[in-house]
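Summary of the model geometry
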Amino acid sequence: RAGGGLARGLNEDMYVVRKFLEAGMEFAVCSSCSKNFGLYGERAGGLFVACQSAEIAECVSSRCKLKIRTNYSVPPQHGSKIVVSVLSDPELRAKWEKELNGVREALGRSHAAFAKALKEGGMPAKYSAPRFGLFTQLFLSAEQVEALEKEQACYVAPGGRVNVSPLTEEAAAEVAKRIAIILAK
């Protein structure tokens, strides 16, 4: 679970986790704060494990501690201290949630403009369906990615993963138009 709050909202993004808890399921959730707090490289986040008994929880905790110890002895603390500071102060948390909502809404507008331009370019629904979050995945071939670069000066990650977060609505529409040109071939 990365970027909690960037898809549909903080509470909405936790829907499945709550359903699993209500069903009494045992499960694990990894949560990263790199995207929703802008803390890339800080390893801020956590592993949350729901267990059906204290005995199982103790076993899981013991195994997790062994794995943690073999991966690193002293993890970075700067990012986690920032997260704790923000989430434990009601005023800072409210400000962060407001900013996070603003980012999510801007991402939604960029995704909508991107999807609309793909649809207007004649692309099938699998390409033009609205998305959410920081990225959209178009599942492009290596040849299509290369053609985008060479013919349209449009750079996407291998497979067609597009980061829409830096794109304004206008830029998202322009990138989508260029992608539609290549996909139409």
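Owing to the predicted nature of the structure, the values given are computational and were not obtained by experimental measurement. (Residues numbered from 1 in each chain as written. Predicted model: local features only at pLDDT ≥ 70, side-chain atom pairs only at ≥ 80, totals over all residues. Heavy atoms only, no water.)

1. Structural notes on the packing of aromatic side chains
To be explicit about the condition: In this scheme Phe, Tyr and Trp rings, the latter by its six-membered ring, pair at centre separations within 6.5 Å, and the angle between planes marks the pair as stacked below 30 degrees, edge-to-face above 60, and tilted otherwise. Exposed residues in this analysis have more than 50% of their type's maximum accessible area, buried residues have under 20%, and partly exposed residues fall in between, with area computed by a 1.4 Å probe over protein chains only. Criterion for a charge above a ring: Lys NZ or Arg CZ within 6 Å of the ring centre, and within 35 degrees of the ring normal.
Per the counting criterion, the structure on display carries 2 aromatic pairs. Ring geometry for Phe-20 against Phe-27: centres 5.3 Å apart, planes inclined by 75°, an arrangement best described as edge-to-face. Relative accessible area serves as the criterion here: at 31%, Phe-20 is assigned to the partly exposed category. With a relative accessible area of 14%, Phe-27 lands in the buried category. Over the ring of Phe-135 we find Arg-161, and its NZ or CZ is 3.6 Å from the ring centre.

2. Focus on the environment of Ser-53
What counts here: Going along the chain from the N terminus, every DSSP run of H or I of four or more residues is numbered as a helix, and every run of E of two or more is numbered as a strand.
Assignment of secondary structure puts Ser-53 in the loop between strand S2 (45–50) and helix H3 (54–71). Residue Ser-53 is classed as partly exposed on the basis of its relative accessible area, which comes to 30%. Along the sequence, Ser-53 and Tyr-127 sit 74 residues apart, while their C-alpha atoms lie 45 Å from each other.

3. Focus: the state of the cysteines
The following threshold applies: Count a disulfide wherever a pair of cysteine sulfur atoms falls within 2.5 Å.
Per the counting criterion, the structure on display carries 0 disulfides. The thiol of Cys-64 is not disulfide-bonded; the next cysteine sulfur, from Cys-51, is found 8.5 Å away.

4. Brief notes about the nonpolar core
Formally: By nonpolar core we mean a set of buried residues, namely Ala, Val, Leu, Ile, Met, Phe, Trp, Tyr and Cys, connected to one another through side-chain atoms within 4.5 Å.
Ranked by internal contacts, the top residues of the largest apolar core, which has 35 residues, are Phe-114, Leu-118, Leu-138 and Ile-179. Those elements that place two or more of their residues in this core are helix H4 (78–88), helix H5 (90–120), helix H7 (142–152) and helix H8 (169–183). A total of 8 residues in this core trace back to one element, the largest contributor, which is H8.

5. Examining the packing of H7 against H8
This is how the line gets drawn: The convention used is that axes are lines fitted to C-alpha atoms, helices contributing only their stretch in contact, and that angles between N-to-C directions extend from 0 to 180 degrees. Should an angle lie under 35 degrees it is considered roughly parallel, over 145 roughly antiparallel, and from 65 to 115 roughly perpendicular; all remaining angles are considered oblique. In this scheme, a crossing is called left-handed if the near helix is turned counterclockwise away from the far one by less than a right angle; it is called right-handed if the turn is clockwise. Contacts between residues were defined by any pair of non-hydrogen atoms, one from each residue, lying within 4.5 Å. Side-chain classes are defined by residue name, with Ala, Val, Leu, Ile, Met, Phe, Trp, Tyr, Cys and Pro counting as nonpolar, Asp, Glu, Lys and Arg as charged, and the others, Gly among them, as polar.
Taken N-terminus to C-terminus, the directions of H7 and H8 make an angle of 120°; their axes are 10 Å apart at the nearest point. One way to sum up the angle between H7 and H8 is to call them oblique. Of the two possible hands of crossing, H7 and H8 adopt the one that is right-handed. Together, Gln-144, Ala-147, Leu-148, Glu-151 and Gln-152 of H7 and Arg-178, Ile-179, Ile-181, Ile-182 and Leu-183 of H8 make up the contact between the two elements. For the contact of H7 with H8, the residue count by class is 6 nonpolar, 2 polar and 2 charged.

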